[in-house]
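Here's the letter readout for the chains.
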Amino acid sequence: SPTIGVLAVQGDVREHVAALTALGATPRPVRRAEELDGLAGIIIPGGESTTMSRLLGVFELFDPLRDALAQGLPAYGSCAGMIMLASRILDTRSDARHLDALDITVRRNAFGRQTDSFETDLDFAGITDRPGAAPLRGVFIRAPWVETAGPGVTVLATVPPGATPDTRADGRIVAVAQGPVVATSFHPEVTGDLRVHEYFVDLVRRS
Ligand code: GLN
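Because the structure is predicted, anything quoted here is derived from the model rather than measured.

What counts, and at which threshold
Residues numbered from 1 in each chain as written. Predicted model: local features only at pLDDT ≥ 70, side-chain atom pairs only at ≥ 80, totals over all residues. Helix = DSSP H or I, 4+ residues; strand = E, 2+ residues; numbered from the N terminus. Rg over C-alpha atoms; globule rule 2.2 N^0.38 Å. Buried ≥ 20, exposed ≤ 12 C-beta atoms within 10 Å, placed from the backbone. Contact = placed C-beta atoms within 7 Å. Pairing = 2+ DSSP bridges. Right-handed = clockwise from strand over helix to strand, strands pointing away. UniProt positions renumbered as here; feature names shortened; annotations may be inferred. Near = placed C-beta within 6 Å. Nonpolar A, V, L, I, M, F, W, Y, C, P; charged D, E, K, R; others polar. Core = buried A, V, L, I, M, F, W, Y, C linked by C-beta atoms within 7 Å.

Helix and strand content of the protein: five helices and twelve strands. The C-alpha radius of gyration computed for the protein amounts to 16 Å, which stays within 12% of the reference 17 Å derived for 207 residues, consistent with globular compactness. Summarising its shape, the C-alpha atoms of the protein cover approximately 45 × 45 × 30 Å along the three principal directions. Classification of the 207 residues of the protein by burial places 46% in the buried group. In the protein, of all internal contacts separated by at least 6 residues, the share reaching a separation of at least 24 is 67%.

With that settled, the discussion passes to the pairing of strand 2 (residues 26-30). As judged from the five bridges shared by strand 1 (residues 3-7) and strand 2, these two strands associate in the parallel manner. The residue bridging Leu-7 from the neighbouring strand is Val-30, located in strand 2. Crossover connection from strand 1 via helix 1 (residues 13-22) to parallel strand 2: handedness right-handed.

On to the UniProt feature "binding site: L-glutamine" (unreviewed entry) in the protein. With numbering aligned to this structure, UniProt lists the feature "binding site: L-glutamine" (unreviewed entry) at Gly-47, Glu-48, Ser-49, Arg-108, Ile-141 and Arg-142. Annotated residues spanning 96 residues; largest pairwise C-alpha distance 12.9 Å, indicating a single compact cluster. Along the chain, Glu-48 falls in the loop between strand 3 (41-44) and helix 2 (49-58). According to the C-beta neighbour criterion, Glu-48 is partly exposed, with 16 such atoms within 10 Å. Residues contacting Glu-48, with those up to four places away along its chain left out, are Gln-10 and Ala-80.

A separate point is the site of the ligand. In the vicinity of the ligand, the residues found are Gly-46, Gly-47, Glu-48, Ser-49, Cys-79, Ala-80, Ile-83, Arg-108, Asn-109, Ile-141 and Arg-142. Tallied by class, the residues present in the shell around the ligand amount to four nonpolar, four polar and three charged.

What follows concerns the nonpolar core. The biggest cluster of nonpolar side chains holds 65 residues, and the ones touching the most others in it are Ala-75 and Leu-85. For Ala-75, the residues in contact, after removing those within four places along its chain, are Gly-41, Ile-42, Ile-44, Leu-69, Leu-85, Ala-101 and Val-181.

Printed below as a string of structure tokens:
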């Protein structure tokens, strides 16, 4: 079973570890650069991206992780993890660093104050389009959305019209993939539905 890291400097590490264990992968919490050695993939959890960025510096993990991603390490980022993987970030602190592994522009806290957290059912390409598959429950917590995606990026899910009272959210991109890198604005790790993690573990096995 593939060893998959979970970046463990901040955020909801435990939920991702539990999901990987349930799928028969071998999770490894990563706090030190040496713990990147031999990984088949890595998950960057939800949390707070500016704090995560700062702690990656403190733990001397930023450069080794960015280099591993540049060399093709498969990765899945959820919420703050999506922000960390992005190439461009809107509405963030000027000193926050990011890993530049996905050709997307992400807007932090995009859904605004009134609907800053919400849930909705989603269509997810490669998951809910299988015969008989149920929709995927998206749990959004002060989530980003993808403002623009480069030509090499595949859109996997968008916000269904009417999911929030704010029509500006309708149709926004909330899940993407580019090669071996996947990101979601929402938190599948809190729902007990393992299909997004399964999607990532399958991607790791094929990489
Ligand atoms: N708003 C957070 C950030 O900017 C992300 C929230 C989350 O991961 N649930 O990093």
